[in-house]
Amino acid sequence: MQTRKLGNSELYLTTIGLGTWAMGGGDWKFGWGPQDDMASVKAIHAALDQGINWIDTAAIYGHGHSEEVVGRTIKGIRNEVIIATKCGRVWEGDSREIGKSLRADSIRREVEASLKRLAIEVIDLYQIHWPEPDEEIEEGWDTMAQLVKEGKVRYVGVSNFSLDQLKRAQAIHSITSLQPPYSMLRREIEEEIMAYCGSSQIGIIAYSPMQAGLLTGKFTKERATSLPDSDWRSRHPFFIEPQLSVNLQAIGQLKEIADNKGITLSQLSLAWVLRNKEVTAAIVGARSPGQIEETAKAGELSLTKAEIGAIEEILAWRINNL
Ligand SMILES: NC(=O)c1ccc[n+]([C@@H]2O[C@H](COP(=O)([O-])OP(=O)(O)OC[C@H]3O[C@@H](n4cnc5c(N)ncnc54)[C@H](OP(=O)(O)O)[C@@H]3O)[C@@H](O)[C@H]2O)c1
């Protein structure tokens, strides 16, 4: 699979990375419903077998569970995979409440806990998960820079930052990567952030590139309305009316483009995200080996101008009908 250099770093990421949020399971505030750990382990192996060379996780996913599953699975093959994780979302004991802290002492506690759960000596890419609380960004980012000097982490990045927040962090220490939401249904970064990252050598690693499964073409109204309460998507506006019907109608039209090209809608959605040179890679979630075997193939695809134009028309129709 092709690789792209991540921002100012020496990391070469495959254009498809494996996202492991759903592997955190359903037993926490932003869970994805029940998830079988064996299926997660197999999905990670399948991703690596497909040539994917990096995995994104976060401490908060399943309150440490996703990191533990990743750590267990990469034991013995650690040097073959680039590990990205995140800090800034904290919890205490069995509480479902999620705290927000970018204080130095909190990040220092978090990095040690993540290293332990992942069972590795150094984290390749350590990211601030959310820019919250806003007034702690400078302290948090300065701490991240110190962790690089101390050899706990190799490179540092941010996630969900606005343009202004990116500039504030960049003034302290150079940002290797930004992890923003980006898909056919969420295009906010195209306004300003994408160009800023391109000109500042900040690699973009796009999250939810299939809009949490909606853009796989395998979602129906019946499935969306019967998601369990333990799946956060059951509460998200994209998956409930009035947006759901409009989204599904647009998705039906997008699927025709994919069908005509002889690819799946998931693959079309990922190729669309990767058409931007500023995007280093798409972080693609999977819960089973079959899912990532399908989506990994998008790393080799490209779209024609005519296909991009046809997609644009459908997306404009969607916006006008929301
Ligand atoms: N930094 C942040 O704040 C942030 C936020 C969100 C995500 N992320 C990262 O980005 C990663 C990817 O985002 P995401 O997981 O939200 O969404 P995504 O990659 O757009 O969608 C992943 C979901 O789509 C479904 N799916 C995947 N492959 C499929 C296939 N071939 N056929 C049918 N369904 C398929 C699976 O869920 P079902 O089978 O249940 O439908 C899977 O969990 C996350 O895992 C995480 O690492 C970061």
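Check the entry above for the structure.
Residues numbered from 1 in each chain as written. Predicted model: local features only at pLDDT ≥ 70, side-chain atom pairs only at ≥ 80, totals over all residues. Heavy atoms only, no water.

**Some remarks on the sheet that holds strand β9 (residues 153–159)**
Taken in spatial order, the eight strands of this closed barrel run β3-β4-β5-β8-β9-β10-β11-β12, and their pairing is parallel. Pairwise comparison of adjacent strand axes, ignoring direction, gives a mean angle of 30° for this sheet. Bridge count between strand β8 (residues 123–128) and β9: five bridges; the pairing is parallel. Looking at β9, one finds that Leu-125 is bridged to Tyr-155. (Pairing = 2+ DSSP bridges. Helix = DSSP H or I, 4+ residues; strand = E, 2+ residues; numbered from the N terminus. Axes fitted to C-alpha atoms, helices over the stretch in contact; angles between N-to-C directions.)

**Description of the packing of aromatic side chains**
Under the criterion given, the structure shown has seven aromatic pairs. On the numbers, 4.8 Å between centres and 15° between planes, the contact of Trp-21 with Trp-232 is stacked. In this pair, Trp-21 sits in the loop between β3 (16–19) and α1 (37–49) while Trp-232 sits in the loop between α7 (221–225) and α8 (243–261), placing the two residues 211 residues apart along the sequence. With relative accessibility at 12%, the residue Trp-232 sits in the buried group. Through pairs of rings, three or more aromatic residues link up here, namely Trp-21, Trp-32, Tyr-61 and Trp-232. Lying across the ring of Phe-219, Arg-223 places its NZ or CZ 4.1 Å from the centre. The lysine or arginine in question, Arg-275, covers the ring of Trp-272, its NZ or CZ lying 3.9 Å from the ring centre. (Phe/Tyr/Trp six-rings, centres within 6.5 Å; stacked < 30°, edge-to-face > 60°. Buried < 20%, exposed > 50% of the residue type's maximum accessible area, 1.4 Å probe, protein only. Lys NZ or Arg CZ within 6 Å of the ring centre and 35° of its normal.)

**What about the site of the ligand?**
Taken together, 32 residues are adjacent to the ligand, and Asp-56, Ser-208, Arg-223, Arg-233 and Gly-285 come closest. Elements that contribute at least two residues to the shell around the ligand include exactly β12 (279–285) and α10 (289–295). A class-by-class count of the residues in the shell around the ligand yields twelve nonpolar, 13 polar and seven charged. (Near = heavy atom within 4 Å. Nonpolar A, V, L, I, M, F, W, Y, C, P; charged D, E, K, R; others polar.)

**Here's the deal with the packing of helix α3 (residues 104–118) against helix α4 (residues 137–149)**
Across the interface, α3 lies against α4 with an axial gap of 9 Å and an inter-helix angle of 45°. With respect to their mutual orientation, α3 and α4 come out oblique. The way α3 lies across α4 gives a crossing that is right-handed. Across the interface between the two elements, Ala-104, Ile-107, Arg-108 and Val-111 of α3 pack against Glu-139, Gly-140, Thr-143, Met-144, Gln-146 and Leu-147 of α4. (Parallel < 35°, antiparallel > 145°, perpendicular 65-115°, else oblique. Left-handed = near helix turned anticlockwise from the far one by under 90°. Contact = heavy atoms within 4.5 Å.)

**Considerations on α8**
For α8, built from 19 residues, the straight-helix expectation of 27 Å at 1.5 Å per residue is met to within 8% by its first-to-last C-alpha distance of 27 Å. Considered for burial, the residues of α8 that qualify are Leu-244, Val-246, Asn-247, Leu-248, Ala-250, Ile-251, Leu-254, Ile-257 and Ala-258. Taken together, the buried residues of α8 touch α7, α9 (265–274) and α11 (305–321). Phi turns positive one or two residues past the end of α8, at Gly-262, with a value near 80°. (Expected span 1.5 Å × (residues − 1).)

**Some words on the pattern of salt bridges**
Per the stated rule, a full pass over the model turns up 25 salt bridges. Measuring nitrogen to oxygen at the nearest pair gives 3.4 Å for the salt bridge that ties Glu-190 to Arg-275. Of this pair, Glu-190 sits in the loop between β10 (177–179) and α6 (193–199) while Arg-275 sits in the loop between α9 and β12, and the two are 85 residues apart along the sequence. Taking the relative accessible area as the measure of exposure, Glu-190 reaches 30% and is therefore partly exposed. The salt bridge involving Asp-259 is made with Lys-255; its shortest N-O contact spans 3.6 Å. With Asp-259 and Lys-255 both in helix α8 and four residues apart, the pair spans about one turn of that helix. Lys-255 sits in the partly exposed class, given a relative accessible area of 35%. One salt-bridge network, held together by shared partners, links Asp-134, Glu-138, Asp-164 and Arg-168. (Salt bridge = Lys/Arg side-chain N within 4 Å of Asp/Glu carboxyl O.)

**Some points on the environment of Leu-147**
Mapped onto the fold, Leu-147 is located in helix α4. With relative accessibility at 0%, the residue Leu-147 sits in the buried group. Between the C-alpha atoms of Leu-147 and Ile-107, which are 40 residues apart in sequence, the distance is 9.5 Å. When near neighbours in sequence (up to four residues on either side) are disregarded, Leu-147 contacts Ile-107, Arg-108, Val-111, Tyr-126, Lys-152 and Val-153.

**Here's the deal with the side chain of Ser-9**
Position of Ser-9 among the secondary structure elements: in the loop between β1 (3–5) and β2 (12–14). Classification of Ser-9 as buried rests on a relative accessible area of 0%. Separated by 2.9 Å, the side chain of Ser-9 and the backbone nitrogen of Leu-11 make a polar contact. With residues up to four places along the chain from it excluded, the contact list for Ser-9 reads Tyr-155 and Thr-176. (Polar contact = N/O pair within 3.5 Å; in protein donor to acceptor, adjacent residues only side chain to side chain.)

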